[in-house]
Amino acid sequence: MTTTRKAIPTALQVLMNHIYELHKGVRHMVLFTCNNKYGEQVISRLKSQGIPYLLQPAGRQNQNIYFGRRECLEAIRLIVTRPLNELTPEEDFILGTMLGYDLCAQCERYCKRKGQCEGKCDGHCINKN
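Residues numbered from 1 in each chain as written. Predicted model: local features only at pLDDT ≥ 70, side-chain atom pairs only at ≥ 80, totals over all residues. Heavy atoms only, no water.

(A) The overall build of the chain, seen in detail. Scanning the chain from terminus to terminus reveals five helices and three strands. In the chain, the succession of helices and strands from N to C terminus is α-β-α-β-β-α-α-α. Taking all 129 residues of the chain together, the buried fraction comes to 33%. Surface summary for the chain: the accessible area is close to 9200 Å², and the carbon and sulfur share equals 52%. (Helix = DSSP H or I, 4+ residues; strand = E, 2+ residues; numbered from the N terminus. Buried < 20%, exposed > 50% of the residue type's maximum accessible area, 1.4 Å probe, protein only. Areas by Shrake-Rupley, 256 points an atom, 1.4 Å probe, with all protein chains shown as cover.)

What follows is the structure in structure tokens.
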């Protein structure tokens, strides 16, 4: 006798991993981008676990779903008021840092976006004396 299992889409597997990390304290906030066809499933999962979230359209077929600690989401609500590609370098830096992205990479990205690296950024933006 064989049983058939329905394969879980990769996007939902990634979501479950993010939720696991959130519960374990590895992350305080997550930005999850998914196709609109998974939106209801994602929101249902977050609601069932009592996880606060915010939604943001991301093009025609996708949406950004921020979820995690309520205080982080309140800050996101104030910072991310338009599409991510329209954020100022400062807003982009704050968001990346809040999401737990590598701090040095965020600093380098910020310098590049501000035009202060003069094309020399290769991970070594600090002038050595």
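(B) How the structure looks around the pairing of strand β3 (residues 62-68). Most of β3 sits out of view: six of its seven residues are buried. The sheet contact formed by strand β1 (residues 29-35) and β3 spans seven bridges and is antiparallel. The residue bridging Val30 from the neighbouring strand is Phe67, located in β3. Where strand β2 (residues 53-58) folds back on β3, the antiparallel hairpin that results is connected by three residues, among which Gly59 adopts a positive phi of roughly 85 degrees. (Pairing = 2+ DSSP bridges.)

(C) Molecular detail of the packing of helix α1 (residues 10-24) against helix α2 (residues 39-48). Between α1 and α2, whose axes approach to 11 Å, the crossing angle comes to 20 degrees. Viewed along their axes, α1 and α2 adopt a mutual orientation that is roughly parallel. When you trace α1 past α2, the crossing you get is right-handed. For the pair α1 and α2, the contacting residues are Leu12, Leu15, Met16 and Ile19 in the first and Gln41, Val42, Arg45 and Leu46 in the second. When the residues that make up the contact of α1 with α2 are grouped by side-chain class, the tally is six nonpolar, one polar and one charged. (Axes fitted to C-alpha atoms, helices over the stretch in contact; angles between N-to-C directions. Parallel < 35°, antiparallel > 145°, perpendicular 65-115°, else oblique. Left-handed = near helix turned anticlockwise from the far one by under 90°. Contact = heavy atoms within 4.5 Å. Nonpolar A, V, L, I, M, F, W, Y, C, P; charged D, E, K, R; others polar.)

(D) Quick look at the side chain of Glu91. Note on placement: Glu91 falls in helix α4 (residues 89-98). We classify Glu91 as buried; its relative accessible area is 17%. Excluding its chain neighbours within four sequence positions, the residues that come into contact with Glu91 are Ile79 and Arg82.

(E) Structural detail: α1. Taking 1.5 Å per residue, 15 residues should reach 21 Å; α1 reaches 21 Å between its end C-alpha atoms and fits that length. Among all positions in α1, only Leu12, Leu15, His18, Ile19, Glu21 and Leu22 are buried. On its buried face, α1 is in contact with β1, α2 and β3. Gly25 lies just past α1 and shows a positive phi near 85 degrees. (Expected span 1.5 Å × (residues − 1).)

(F) Molecular detail of the packing of helix α3 (residues 70-79) against α4. Two numbers describe how α3 lies on α4: the axes approach to 11 Å, and their chain directions differ by 160 degrees. Between α3 and α4, the angle is such that the two are roughly antiparallel. Every pair of crossing elements has a handedness; the one defined by α3 and α4 is left-handed. Where α3 approaches α4, its residues Cys72, Ala75, Ile76 and Ile79 are matched on the opposing element by Glu91, Ile94, Leu95 and Met98. Of the residues that constitute the contact of α3 with α4, the class distribution is seven nonpolar, no polar and one charged.

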